[in-house]
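Next come the chains, spelled out residue by residue.
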Amino acid sequence: AGTKESVVIGYKAGQALVGGEANVMMGFQAGLSVSGQKNTFIGSNACSSAHIDTTETVMIGNGAGANNSGTKNVGVGMGALGGVYAGIEQAAII
């Protein structure tokens, strides 16, 4: 499995991305440990400690979704859903 259709910009952004497809990870350590697919992480440390299989998730903001391990979550704003570990279809706008 290869990574395709993904855009990764930033120091250590998408570091674990080896098989995920259709991801956008922009910012310092954005999506650091994620290898899922169809994710959008924008901001410093957005989904930085998230579970490797996080999929179909959007996090925008510094530290948004930092510890996310669920799927289909949306967080907008600094630290939004940063403490959600196993949420599915959760949303927060700060």
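Since the model is a prediction, treat every value here as computed from it, not as a measurement.

Q: Tell me about the pattern of salt bridges, residues and numbers included.
A: Per the stated rule, a full pass over the model turns up 2 salt bridges. With a shortest N-O distance of 3.9 Å, Lys4 and Glu21 are connected by a salt bridge. One end of the pair, Lys4, is in the segment before strand 1 (7-9); the other, Glu21, is in the loop between strand 1 and strand 2 (24-26), and 17 residues separate them in sequence. Close ionic contact of Glu56 with Lys72 constitutes a salt bridge, the shortest N to O distance being 3.8 Å. Of this pair, Glu56 sits in the loop between strand 3 (40-42) and strand 4 (58-60) while Lys72 is found in the loop between strand 4 and strand 5 (74-76), placing the two residues 16 residues apart along the sequence. For Glu56, a relative accessible area of 36% corresponds to the partly exposed category.

Q: I'd like a description of the sheet that holds strand 3, backed by residues and values.
A: Strands sit in the order 1-2-3-4-5-6 across an open sheet of 6 strands; the sheet is parallel. The sheet is open, and its two edges are formed by strand 1 and strand 6 (91-93), each paired on a single side. Mean inter-strand twist for the sheet, computed between neighbouring axes without regard to direction, equals 10°. By the bridge criterion, 3 bridges tie strand 5 to strand 6 in an arrangement that is parallel. Looking across to strand 6, one finds that Val74 is bridged to Ala91.

Q: Go over the side chain of Asn23, please, and point to the residues and values.
A: In this structure, Asn23 sits in the loop between strand 1 and strand 2. The exposure class assigned to Asn23 is buried, which follows from its relative accessible area of 0%. Reaching out from Asn23, the side chain makes a polar contact with the backbone oxygen of Glu21 at a distance of 3.4 Å. In this structure the side chain of Asn23 is engaged in a polar contact, spanning 2.9 Å, whose partner is the backbone oxygen of Gly36. For Asn23, the contacting residues outside a window of four places in its chain are Glu5, Ser6, Val7, Leu17, Gly36, Gln37, Lys38 and Asn39.

Rules used throughout
- Residues numbered from 1 in each chain as written.
- Predicted model: local features only at pLDDT ≥ 70, side-chain atom pairs only at ≥ 80, totals over all residues.
- Heavy atoms only, no water.
- Salt bridge = Lys/Arg side-chain N within 4 Å of Asp/Glu carboxyl O.
- Helix = DSSP H or I, 4+ residues; strand = E, 2+ residues; numbered from the N terminus.
- Buried < 20%, exposed > 50% of the residue type's maximum accessible area, 1.4 Å probe, protein only.
- Pairing = 2+ DSSP bridges.
- Axes fitted to C-alpha atoms, helices over the stretch in contact; angles between N-to-C directions.
- Polar contact = N/O pair within 3.5 Å; in protein donor to acceptor, adjacent residues only side chain to side chain.
- Contact = heavy atoms within 4.5 Å.

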